[in-house]
Amino acid sequence: MIFGRTEQGKPPVEPVTLKILVAGGFGVGKTTLVGAVSEIRPLRTEELLTEAGRPVDDTSGVEGKHATTVAMDFGRISLREDLVLYLFGTPGQERFWFMWDELSEGALGAVVLADTRRLEDCFAAVDYFERRSIPFLVGVNCFEGAVRYPVEDVRRALDLDDDVPLLPCDARDRESVKEVLIGVVQHAMEYAAGRHRAVST
């Protein structure tokens with residue numbers, strides 16, 4: 001693009017912007033996912049874990065975690081010239097869940113990150129989006145050293161409906177995260193189209 005116009009002399013395309021939430025349990029990789037794919041320096045609201053928070057922050061399985069998101073993470077990625085996603089990472093601890101209602105306002109859909117070592121930590125996020133009819137995809141973050149379970153076993157453990165996409169991913173890898181984001185956009189569009197058909201009939 002040169003001086004606000006494309007090289008072919010056409011005016012620049014005004015992109016459609018969509019809001020996607022990234023949710024899941026404490027230490028599951030939400031901040032890492034947003035940072036891996038964001039074109040801008042991600043906005044982070046991390047604070048150091050303290051002794052005072054030890055009774056309420058369960059660090060079993062994530063003993064190396066020293067900071068936690070207390071408000072949100074924010075990033076941006078252009079999937080195409082005409083499609084930009086704004087990513088909002090939600091805080092994982094229960095005491096910050098009151099922020100989810102604000103963050104979910106206007107969201108097209110959500111990614112629920114899951115860790116098979118602590119699968120129960122993502123139950124609350126799955127329940128939240130199901131109750132509010134917000135389309136979501138489950139991304140199973142494949143941590144090093146974690147057992148890799150078949151997708152259908154994870155689906156059964158989470159009691160997911162058959163139409164909820166479930167994908168293995170690496171929250172550190174940009175291409176892997178892009179596949180997850182493309183998946184949630186496609187799912188959200190199909191979900192919206194299905195609801196429109198249901199209302200029309």
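Throughout what follows, the structure given in this document is the object of discussion. (Residues numbered from 1 in each chain as written. Predicted model: local features only at pLDDT ≥ 70, side-chain atom pairs only at ≥ 80, totals over all residues. Heavy atoms only, no water.)

Points about the pairing of strand S4 (residues 83-89)
With 6 of 7 residues buried, S4 lies mostly within the body of the structure. With 7 bridges joining them, strand S1 (residues 16-24) and S4 adopt parallel strand pairing. Bridge pairing in S4 links Thr 17 to Val 84. (Buried < 20%, exposed > 50% of the residue type's maximum accessible area, 1.4 Å probe, protein only. Helix = DSSP H or I, 4+ residues; strand = E, 2+ residues; numbered from the N terminus. Pairing = 2+ DSSP bridges.)

What to know about the side chain of Arg 118
Within the secondary structure, Arg 118 is located in the loop between strand S5 (109-114) and helix H3 (123-131). Within the local environment of Arg 118, its side chain forms a polar contact with the backbone oxygen of Gly 27, the two atoms lying 3.4 Å apart. (Polar contact = N/O pair within 3.5 Å; in protein donor to acceptor, adjacent residues only side chain to side chain.)

Structural notes on the pairing of strand S6 (residues 136-141)
Of all 6 residues making up S6, 6 are buried, and the element is well covered by its neighbours. Neither face of S6 is left uncovered, since the one carrying Phe 136, Val 138 and Val 140 and the one carrying Leu 137, Gly 139 and Asn 141 both have all their residues buried. As judged from the 5 bridges shared by S5 and S6, these two strands associate in the parallel manner. Residue pairing in the sheet places Ala 114 in a bridge with Val 140 of S6. Note on the crossover from S5 through H3 to S6: the handedness is right-handed. Where S6 meets strand S7 (residues 166-169), 4 bridges bridge the pair, whose relative direction is parallel. Along S7, the bridge assignment pairs Val 138 with Leu 166. Taking the sense of rotation as the criterion, the β-α-β connection linking S6, helix H4 (residues 151-158) and S7 turns out right-handed. (Right-handed = clockwise from strand over helix to strand, strands pointing away.)

These figures come from the coordinates and say nothing about function on their own.
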